[in-house]
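Read off the chains here:
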Amino acid sequence: SVTSHSFFSPLAEAALHNAYALASLYELVERQLRSSPGGGQGPVLRPLPAETREGLIEGACSSEDGCLAERVALSLSVIGRALQHYDDVSQRHEAACVRALMLQVQSLVALANGNTSAAMRLVSEAAAIEDGATALLLPPSVTLLFLPSAALEGALRLLLLGRNTTGHAPQAARAAVAAFERCLAPSAFPRMPLCLLGRARALVHAGDKEGASASYTQLLRESEWEEDEAECGRGLEEARVYTSASPSQGLLAFAASEQAEPQGERGSSARIVRMGYLASSYYPDGSTAAWGHDMRLAVELAVQEFNEAVSHTPVQMELVCVVETNGSVAGLNATLARMVDAGVDAVLGADWSRVAVAAAAYLAPYRIPLLSAGSTTSALDQSPNVFRSVYSDSRAAALLLEVVRERIVYGGATDKRIGILGSQDAFGLSGVDVVKASARRAGIDVSAVAAFPSTDPTTGELIGDGCAVNASNILIVQQAVESVRASGVRTLVVSATGPSTQCIFAAAAALGMTSDASYTWLATEEVHPTGGWTSPWGRRVATAAVGYVTYLGRPYEGSPAMRHFEHRFREEHGHAPSSASWAGYSFDLVGLVYEAARAGASADADRSLITMLRTIEYDGITGPISFPAGSSSPPTARIGMLQLNQTGTFTTVGVTDGVTGELDLFLAPFCIPSPGSGLFPFLAAILIGAAVGGAAVAIVTRQSSRQRVPPPIEECCYARI
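Residues numbered from 1 in each chain as written. Predicted model: local features only at pLDDT ≥ 70, side-chain atom pairs only at ≥ 80, totals over all residues. Heavy atoms only, no water.

Quick look at the overall build of the chain
Phase 1: Regarding its fold elements, the chain presents 21 helices and 17 strands.
Phase 2: The long-range share in the chain, meaning contacts at least 24 apart out of those at least 6 apart in sequence, stands at 69%.
Phase 3: Put simply, the chain shows about 29300 Å² of open surface, and 54% of that area lies on carbon and sulfur atoms. (Helix = DSSP H or I, 4+ residues; strand = E, 2+ residues; numbered from the N terminus. Contact = heavy atoms within 4.5 Å. Areas by Shrake-Rupley, 256 points an atom, 1.4 Å probe, with all protein chains shown as cover.)

See below:
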């Protein structure tokens, strides 16, 4: 085709290819939902081939899906060239309409790949563009060439609603009604039969019998559809059946139509709990976070297992919306709005703390609980709609000060001062507050505090979180590190996101602040450098990081329940979870939702999950979970203290008691080296002993931190870890 008006209209070409792509993708999504009512199954389309100026397909395409990926890519290419043409000739109205065509196709691609929130955001954006185009030309006659975006939005919302029983998720039904109302606006298409039919169906879902009857009646009276056209004839027959029956019979007739889904063994009384999931499979710099990806897989496995194992109960769980995040809150409110529109009963995930804080605030007015397995920030401690299967930093960060106290009491250290470094975000700053309060209680002087931005709050640009990909950011972080070093402290506590903690260590290495130079480091995050410890960036981080102490959840990994979970995870996904702890905490989120929904199934439990979560005591695979006195984390969740060794692995050097919550530290005293020893002043002797890093280490056996006595200084052995 050509991109001028000399032969074919670019708009007509774009509309034709839009129709090709929408028809194919819509059919694919329908098949997906019929085979998997709970939502997307991950990517369905193969990656689209790279576009060249002359064409997209250079060889035989796959016949498995009818060359769908190639056809969609070609359609987007033609639409893109048409858009470029109208932009070049400054035809704003046509450009707006073609831009809407492109967004429509991109919306269906997102839906085919299981990203419901992105799909609805894109189609809503397309509808907004068309609405704005009426200011340039009224009526928007050129849009008669293709499906109005408001109609497509309504159709997609209906498609997703149609997998559930009638009347479920009224918020989502009302959103569909609103979309069709925009289609039927006087400045748009006030008599379009498709939108009249869609509005009627959406009103049925919303429980508005009178409104549905009126819309069906208008369809019969004003429609230009022909009876002998198959699809149109069925729509007219549906309208006649509904309007000729009593209101209640009309609802039953519609529920029995092809829009309804049979309930199987659970029966029509089963309560369907709809869940959204904010996954954390990526770091801010775009690299894959294996722990976050495995947490998502654990949630999906839990939904599958609970639905299969408890089919005799009146609860069924559906993961209706899964959205990937990378720690950024950009676009988060739009994503959550789509989840609310979809009628979710709970949102899971949000394992980046800044995402969790923002999500909890957004969901609170809707009485929708947020359940997180990874957000440990103390900023969420008293959030009324937050429930975590993991510890809070208000407990865990305080343990770092217990380690410092051990160094003073048992290691003979005379310097009772510390410096604190934090990232300027919800996670980092709340941790700084915890460390300062814990230091006051322990009689430890905080001599210096410095913070730096992990991201730009306005643009979302990575700063501390982006040092691995932009080395110039290290200079920003280095200013904060230098200000703390200038105070003369030798013990530093870091409260920052994982990527920002890496950046602190890289900055400290540049300033010579290593363990070799008698600096002691403690941090709130277990770091895993981008590219691994053997990469250039990893080696740079390790220069200062080796020997630092941090903490991590330490569930009962040897229990039968955890062993069974790990076995099922390997069986289902072909590999062990990268972190059994984080994956286990995620698995338990689904158990919490199920237990709360089951407890409230006998009553009107709409939005009552928060109440039920406050009352249950759940025996999860990671340990007992409950939320007494308005807390958002289990009060005795086990926490392990870890120390980084030279091989890039972490050794457990302490653990909290699962009943009392008190810390039992396995670290040997923080011995002060004799003059000229030149060895680490901050080293661990592990109870299992024998050797660490190839050098012998003394074994110091103690029953409890409350019974310890300082051993003679000559009993200390030193070795590089």
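That shown, we press on.
Notes on the packing of aromatic side chains
Phase 1: Applying the stated criterion to the full structure yields 15 aromatic pairs.
Phase 2: For the pair Tyr-216 and Tyr-242, a centre-to-centre distance of 5.0 Å together with 35° between the ring planes defines the contact as tilted. Pair noted here: Tyr-216 is in helix H8 (residues 209–222) and Tyr-242 is in helix H9 (residues 230–244), with a separation of 26 residues, a long-range link. Residues Tyr-216 and Tyr-242 agree in their burial class; the two are buried.
Phase 3: These aromatic residues form a ring-pair network of at least three members: Phe-306, Phe-565, Phe-569, Phe-587 and Tyr-594.
Phase 4: The ring of Tyr-519 has Arg-490 lying over it, and the distance from NZ or CZ to the ring centre is 4.4 Å. (Phe/Tyr/Trp six-rings, centres within 6.5 Å; stacked < 30°, edge-to-face > 60°. Buried < 20%, exposed > 50% of the residue type's maximum accessible area, 1.4 Å probe, protein only. Lys NZ or Arg CZ within 6 Å of the ring centre and 35° of its normal.)

A short note on the pairing of strand E2 (residues 315–324)
Phase 1: The element E2 is largely enclosed, with a buried count of eight among its ten residues.
Phase 2: Where strand E1 (residues 271–279) and E2 come together, nine bridges link them in parallel fashion. Opposite Leu-278, over in E2, you have Val-323 as the bridge partner. (Pairing = 2+ DSSP bridges.)

Some words on the sheet that holds strand E5 (residues 386–388)
Phase 1: Spatially, E2-E1-E3-E4-E5 is the arrangement adopted by the five strands of the open sheet, whose pairing is parallel. Two strands in the sheet have a free side with no partner beyond their single neighbour: E2 and E5. Within the sheet, the average angular offset between the axes of one strand and its neighbour, ignoring direction, is 25°.
Phase 2: Here three bridges tie strand E4 (residues 370–372) to E5, and the two strands are oriented parallel to one another. (Axes fitted to C-alpha atoms, helices over the stretch in contact; angles between N-to-C directions.)

Describing helix H6 (residues 170–183)
Phase 1: Taking 1.5 Å per residue, 14 residues should reach 20 Å; H6 reaches 20 Å between its end C-alpha atoms and fits that length.
Phase 2: Every buried residue of H6 is listed here: Ala-172, Ala-173, Ala-175, Ala-176, Val-177, Ala-179, Phe-180 and Cys-183.
Phase 3: For H6, the elements touching its buried residues are helix H5 (149–161), helix H7 (193–205) and helix H12 (332–341). (Expected span 1.5 Å × (residues − 1).)

A look at the nonpolar core
Grouped burial of nonpolar side chains is what soluble globular proteins tend to show.
Phase 1: Ranked by internal contacts, the top residues of the largest apolar core, which has 110 residues, are Leu-348, Leu-421, Trp-521 and Met-641.
Phase 2: Counting residues per element, this core draws most heavily on helix H20 (residues 580–599), which supplies twelve residues.
Phase 3: Among residues more than four places away in sequence, those in contact with Leu-348 are Met-275, Gly-276, Tyr-277, Leu-278, Val-299, Leu-371, Leu-589, Val-590 and Val-593. (Core = buried A, V, L, I, M, F, W, Y, C linked by side-chain atoms within 4.5 Å.)

Description of the packing of helix H16 (residues 473–485) against helix H17 (residues 498–510)
Phase 1: Interaxial distance between H16 and H17 falls to 9 Å at its minimum, and their mutual angle equals 75°. As the angle between them shows, H16 and H17 are arranged roughly perpendicular. For the pair H16 and H17, contact is made by Asn-473, Ile-474, Val-477, Gln-478 and Val-481 and by Cys-503, Ile-504, Ala-506, Ala-507, Ala-508 and Ala-510, respectively.
Phase 2: The residue inventory of the contact of H16 with H17, partitioned by class, reads nine nonpolar, two polar and no charged. (Parallel < 35°, antiparallel > 145°, perpendicular 65-115°, else oblique. Nonpolar A, V, L, I, M, F, W, Y, C, P; charged D, E, K, R; others polar.)

Some thoughts on unusual backbone geometry
Phase 1: Notably, Ser-90 is not glycine yet its phi reads approximately 60°, a positive angle.
Phase 2: By the element assignment, Ser-90 lies in the loop between helix H2 (68–88) and helix H3 (92–112).
Phase 3: Here the phi dihedral of Arg-367 falls at roughly 60°; this positive angle occurs in a residue that is not glycine.
Phase 4: Relative to the helices and strands, Arg-367 is located in the loop between helix H13 (353–363) and E4.
Phase 5: According to the relative accessible area criterion, Arg-367 is partly exposed, its value standing at 39%.

Quick look at the environment of Ile-272
Phase 1: Position of Ile-272 relative to the elements: it lies in strand E1.
Phase 2: Note on Ile-272: relative accessible area 5%, which makes it buried.
Phase 3: On a C-alpha basis, the gap between Ile-272 and Gln-316 in space is 4.8 Å, while along the polypeptide they are 44 residues apart.

Describing the environment of Phe-452
Phase 1: With respect to the element layout, Phe-452 can be found in strand E7 (residues 445–452).
Phase 2: For Phe-452, a relative accessible area of 2% gives the class buried.
Phase 3: Distance from Phe-452 to Gln-424, taken between C-alpha atoms, is 5.6 Å for residues 28 residues apart in sequence.
Phase 4: What Phe-452 contacts, discounting residues up to four positions off in sequence, is Gly-422, Ser-423, Gln-424, Gly-464, Val-477, Ala-480, Ser-500 and Ile-504.

Things to note about the packing of H5 against H7
Phase 1: Taken N-terminus to C-terminus, the directions of H5 and H7 make an angle of 35°; their axes are 10 Å apart at the nearest point. In this structure, the crossing between H5 and H7 has a hand that is left-handed. On H7, the residues that touch Ala-151, Leu-158 and Leu-161 of H5 are Leu-194, Cys-195, Gly-198, Arg-201, Ala-202 and His-205.
Phase 2: For the contact of H5 with H7, the residue count by class is six nonpolar, two polar and one charged. (Left-handed = near helix turned anticlockwise from the far one by under 90°.)

Focus on the pairing of E1
Phase 1: Of all nine residues in E1, nine are buried, a share of seventy percent or more.
Phase 2: Inspection of the sheet shows E1 paired to strand E3 (residues 346–349) by four bridges, in the parallel sense. Directly across from Met-275, in E3, lies its bridge partner Ala-346.

Describing the confidence of the model for the chain
Phase 1: Per-residue pLDDT for the chain has a mean of 77; in total, 76% of the residues score no lower than 70.
Phase 2: When the criterion is pLDDT under 50, residues 1–6 qualifies, and its contacts beyond four places in sequence or with other chains add up to twelve contacts.
Phase 3: In this model residues 246–268 is a low-confidence stretch, pLDDT under 50, and it forms 36 contacts with partners more than four residues away in sequence or in other chains. (pLDDT = per-residue confidence, 0-100.)

Some thoughts on the environment of Gly-584
Phase 1: Turning to its location among the elements, Gly-584 is positioned in helix H20.
Phase 2: A relative accessible area of 0% places Gly-584 in the buried class.
Phase 3: Placed 285 residues apart in sequence, Gly-584 and Val-299 show a C-alpha to C-alpha distance of 9.1 Å.
Phase 4: Ignoring any residue separated from it by four or fewer positions in sequence, one finds Gly-584 in contact with Met-562, Phe-565, Ile-621 and Thr-622.

Brief notes about the side chain of Thr-377
Phase 1: Following the sequence through the fold, Thr-377 ends up in the loop between E4 and E5.
Phase 2: Only 3.3 Å separates the side chain of Thr-377 from the backbone oxygen of Ala-426, close enough to count as a polar contact.
Phase 3: Of the polar contacts made by the side chain of Thr-377, one reaches the side chain of Ser-430; its length is 2.6 Å.
Phase 4: Every residue in contact with Thr-377, bar those within four places of it in the chain, is listed here: Ser-353, Val-357, Arg-388, Ser-392, Asp-393, Ala-426, Phe-427 and Ser-430. (Polar contact = N/O pair within 3.5 Å; in protein donor to acceptor, adjacent residues only side chain to side chain.)

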